Amino acid sequence: MFNYIIARTPCKALIDGISSADDGKPDYDLAMKQHLAYLDALRKCGVEILLLPPLEDYPDSVFVEDPALCTKHCGIVTRPGADTRRGEIDSIEPALRRFYGDKIEHIKAPGTLDAGDVMMVGDCFYIGKSARTNEEGASQLITILEKYGMSGHVVPLEEVLHLKTGLAYLENGNLLAAGEFINKPEFAHLNIIEIPESESYAANCIWVNGTVIMPSGYPATESRIRELGYRVETVDTSEYRKVDGGVSCMSLRF
Ligand code: CIR
């Protein structure tokens, strides 16, 4: 069960967020509307939301998933791999302290880690080694997790930005997987739900207390998730997709 969500209102500079999508810049007004609808979908899942104010100096700061990792036992302030995002940690740490008190840990230089590369499966965390998360960042995270009785395992990735760009754990042993993740031996013990290439963006979903929140417009994926018995909430994330973001990136869930 998740009780809390941390999210951040998108700033106007979102239109200058890092992008590899080649799909134009986000429309800020539409992005705001989509963000409100996303928060509504979360509220329906019975969580309390802490909404942080926009940070104009950080175009990608709506993607709160990357500068922090929230576990059952501690909050971890990461060290984001992109220079333009590193300063986001200064304003996420006070938010974490409200929930975790002094149980706050940090990823330190030369480690880098975006928590979009970290997927929680119970007490075990899979850590993508990516363009944003380096070996040192991953190994620091494993040390922190072990200190609190949890574990971490590194998964190299090549094709996508973050581990959770192509994977979503829906609890109960069910894992949505797209592209390079479909056949990874690390996940062979889980029930893999294969996302077709044409819907690969929909692999980025979140499970929140029995409901799966997913992007709208991906009917094959949606029906597979429904067949598994989940309640589904769809949200339009078109403006976030333009800056490589999706459903998971816009919240911390714990
Ligand atoms: C970035 O490149 O950092 C942002 N434009 C997108 C971050 C997406 N975050 C995530 O997948 N956790």
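Residues numbered from 1 in each chain as written. Predicted model: local features only at pLDDT ≥ 70, side-chain atom pairs only at ≥ 80, totals over all residues. Heavy atoms only, no water.

### Looking at the confidence of the model for the chain
Note the following rule: Per-residue confidence from the predictor is reported as pLDDT, a score between 0 and 100.
Of the residues in the chain, 100% reach a pLDDT of 70 or more, and the chain-wide mean stands at 97. Interface predicted TM-score (ipTM) for the complex: 0.98; the corresponding pTM is 0.97.

### A closer look at the packing of aromatic side chains
The condition is simple: Stacked, tilted and edge-to-face are the three classes applied to pairs of Phe, Tyr and Trp rings, where Trp contributes its six-membered ring and a pair requires centres within 6.5 Å; stacked means planes under 30 degrees apart, edge-to-face means over 60, and tilted covers the rest. The criterion is that NZ of a Lys, or CZ of an Arg, lies within 6 Å of the ring centre and within 35 degrees of the ring normal, and then a charge sits over that ring.
If you walk through the whole model with that rule in mind, you get eight aromatic pairs. By the ring-pair criterion, three or more aromatic residues cluster together here, those being Tyr4, Phe99, Tyr100 and Phe254. The ring of tyrosine 201 carries the charged tip of arginine 241 above its face, separated from the ring centre by 4.5 Å.

### Considering the site of the ligand
Counted only if it meets this: Throughout, near means a residue has at least one heavy atom within 4 Å of the molecule or strand. Calculation of accessible area relied on Shrake-Rupley with a 1.4 Å probe; when residues are assessed, cover is drawn exclusively from the protein chains displayed. Using a 1 Å grid laid over the protein atoms alone, points where a 1.4 Å probe fits but cannot get out form a cavity; open sets with protein on both sides within 12 Å along at least 5 of 7 lines form a pocket; any residue with an atom within 4 Å of a point counts as lining. Each molecule is assigned to a cavity or pocket provided more than half of its atoms lie within 2 Å of the corresponding grid points. Gly falls in the polar group here, along with every residue not listed as nonpolar (Ala, Val, Leu, Ile, Met, Phe, Trp, Tyr, Cys, Pro) or charged (Asp, Glu, Lys, Arg).
With respect to spatial proximity, 13 residues lie near the ligand, and among them Ile18, Asp60, Glu65, Arg132 and Val243 are the closest. Protein coverage of the free-state accessible area of the ligand, which is 340 Å², stands at 99%. Using a 2 Å cut-off from the grid points, one finds that the ligand occupies the second largest cavity. Across the shell around the ligand, the residue classes tally to five nonpolar, two polar and six charged.

### Description of the environment of glutamate 233
Selection rule: By the criteria applied, helices consist of DSSP H or I runs no shorter than four residues and strands consist of E runs no shorter than two, each listed in order from the N terminus. Any two residues whose heavy atoms approach within 4.5 Å at even a single point are treated as in contact. Two N or O atoms form a polar contact when they lie within 3.5 Å of each other; inside protein one atom must be a possible hydrogen donor and the other a possible acceptor, and for residues adjacent in sequence the pair counts only when both atoms belong to side chains.
Here glutamate 233 is to be found in strand β14 (residues 231–235). Separated by 195 residues in the primary sequence, glutamate 233 and tyrosine 38 have C-alpha atoms spaced 9.3 Å apart. Excluding its chain neighbours within four sequence positions, the residues that come into contact with glutamate 233 are Ala41, Lys44, Thr211, Val212, Ile213 and Met214. Separated by 3.4 Å, the side chains of glutamate 233 and lysine 44 make a polar contact. Of note is the side chain of glutamate 233, whose polar atom sits 3.2 Å from the side chain of arginine 231.

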